[in-house]
Amino acid sequence: MLRILGIAALPFLLLCIFSSCTTPKVSKTKSIVAGMTNDDQKKLEEYQAELEIGRNMAGRLLAFYGVVDDEALDAYVNQVGAYVASYSDHPERRYMFQVLNTDMVNAFAAPGGYILITRGAIKHAQNEAELAHVLAHEIAHVSKKHMFDTIAGMSKDEMEKAAAEADKAALNLSPELKARARPKAEENEAGATLAKYISGSAAGLSILSAAKAGMSLILEKGLGAEKEFEADSDGTKYAIRAGYHPEALMNFLCRLDQVKKKMKGRCKIKKKKKKKAKNKTILDKTHPTVHSRVNHIKKTLKGIRAENFGAKGEARFKKIQVLVRGKADK
């Protein structure tokens, strides 16, 4: 499996969104590496397409929300994320983690291993196990290629419509986010070359259009309940393999639901009536209900006979969490 540059290279990789960075042209008939089979070359080209799309999407999210500029926090989140990823189904892949500067509780996974978690999500967590489970959920999305495969399955018309919806969704962001400069990503030579590898029906479309379609999925439509349940299930397994407490994600989700309802006490999730779209957060719009997610996680834990013990990492997490306390959107 091809390995990409390490975490420290993320700023450079994202910089390529706004510049003329290019990668070597991909020949239709000749292998890039001597002796590479057609199947291997196809996988390599597809992975390059993942990176192009993911790099563009990550750049847009970073431009929308900004980043928490703290080396200690970045190092910690990357350490936890990389550790959990080493227990995933694809430990050979590399992931890049970054903290977004917003109190909104959410996390995003872009193709190629770009994972962004909000400052609000870290504030909301109570221990390292909860952070690890949230990152594991996003790692599972990348590992299963949920976003990439969804984009790849779009027709030309569907992708163009989704791209237009992404532009519209960007206009509905909060005043604070609107005030920030918008990314002016331009199609580069590599993107144009790799576009044909997304899918036959999308031939001729640019990586830029694919990335915009991905932004529509992140901000508005979501990936669908089936993929979110799979990410919950697989992510929970990754975190458990890494030695974290098995119920951490359930606790995180339950507390999030309690905060919305201004409740206290143990997690008692009940099925609730659907709310109007205007009352929903991005997380609400793009994910199944907390009720359904918690029930699905419970079934996963029962299926793998998970024992109710594991590391929570409270002491170390509290020291790091201080770094995000008191910070506000700028």
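Treat the numbers as computed from the prediction; the structure is a model and nothing was measured.

**Description of the environment of Ala 121**
For step 1, the next point in the chain: Tracing the backbone through its elements, the reader meets Ala 121 in helix α4 (residues 119–124).
For step 2, the next point in the chain: Along the chain, Ala 121 and Val 105 lie 16 residues apart, while their C-alpha atoms are 4.3 Å from each other.
For step 3, the next point in the chain: Once residues within four sequence positions are removed from consideration, Ala 121 is found in contact with Met 104, Val 105, Asn 106 and Phe 252.

**Considering the pattern of salt bridges**
For step 1, the next point in the chain: Scanning the entire structure with this criterion turns up 14 salt bridges.
For step 2, the next point in the chain: For the salt bridge of Arg 93 with Glu 50, the shortest nitrogen-to-oxygen distance reads 3.4 Å. Here Arg 93, found in the loop between α3 (71–85) and β1 (96–100), pairs with Glu 50, found in helix α2 (residues 38–65); they are 43 residues apart in sequence, far enough to count as distant. With respect to burial, Arg 93 and Glu 50 carry one shared label: buried.

**A short note on the packing of helix α11 (residues 225–241) against helix α14 (residues 290–303)**
For step 1, the next point in the chain: Close contact between α11 and α14 brings their axes to 9 Å; oriented N to C, the two are set at 45°. The orientation of α11 with respect to α14, classified from their angle, is oblique. As for the relative orientation of α11 and α14, their crossing is right-handed in sense. Here α11 contributes Phe 229, Asp 232, Ser 233, Thr 236, Lys 237 and Ile 240 to the contact with α14, which in turn contributes Ser 292, Arg 293, His 296, Ile 297, Thr 300 and Leu 301.
For step 2, the next point in the chain: Looking at the contact of α11 with α14, its residues break down into 4 nonpolar, 5 polar and 3 charged.

What counts, and at which threshold
Residues numbered from 1 in each chain as written. Predicted model: local features only at pLDDT ≥ 70, side-chain atom pairs only at ≥ 80, totals over all residues. Heavy atoms only, no water. Helix = DSSP H or I, 4+ residues; strand = E, 2+ residues; numbered from the N terminus. Contact = heavy atoms within 4.5 Å. Salt bridge = Lys/Arg side-chain N within 4 Å of Asp/Glu carboxyl O. Buried < 20%, exposed > 50% of the residue type's maximum accessible area, 1.4 Å probe, protein only. Axes fitted to C-alpha atoms, helices over the stretch in contact; angles between N-to-C directions. Parallel < 35°, antiparallel > 145°, perpendicular 65-115°, else oblique. Left-handed = near helix turned anticlockwise from the far one by under 90°. Nonpolar A, V, L, I, M, F, W, Y, C, P; charged D, E, K, R; others polar.

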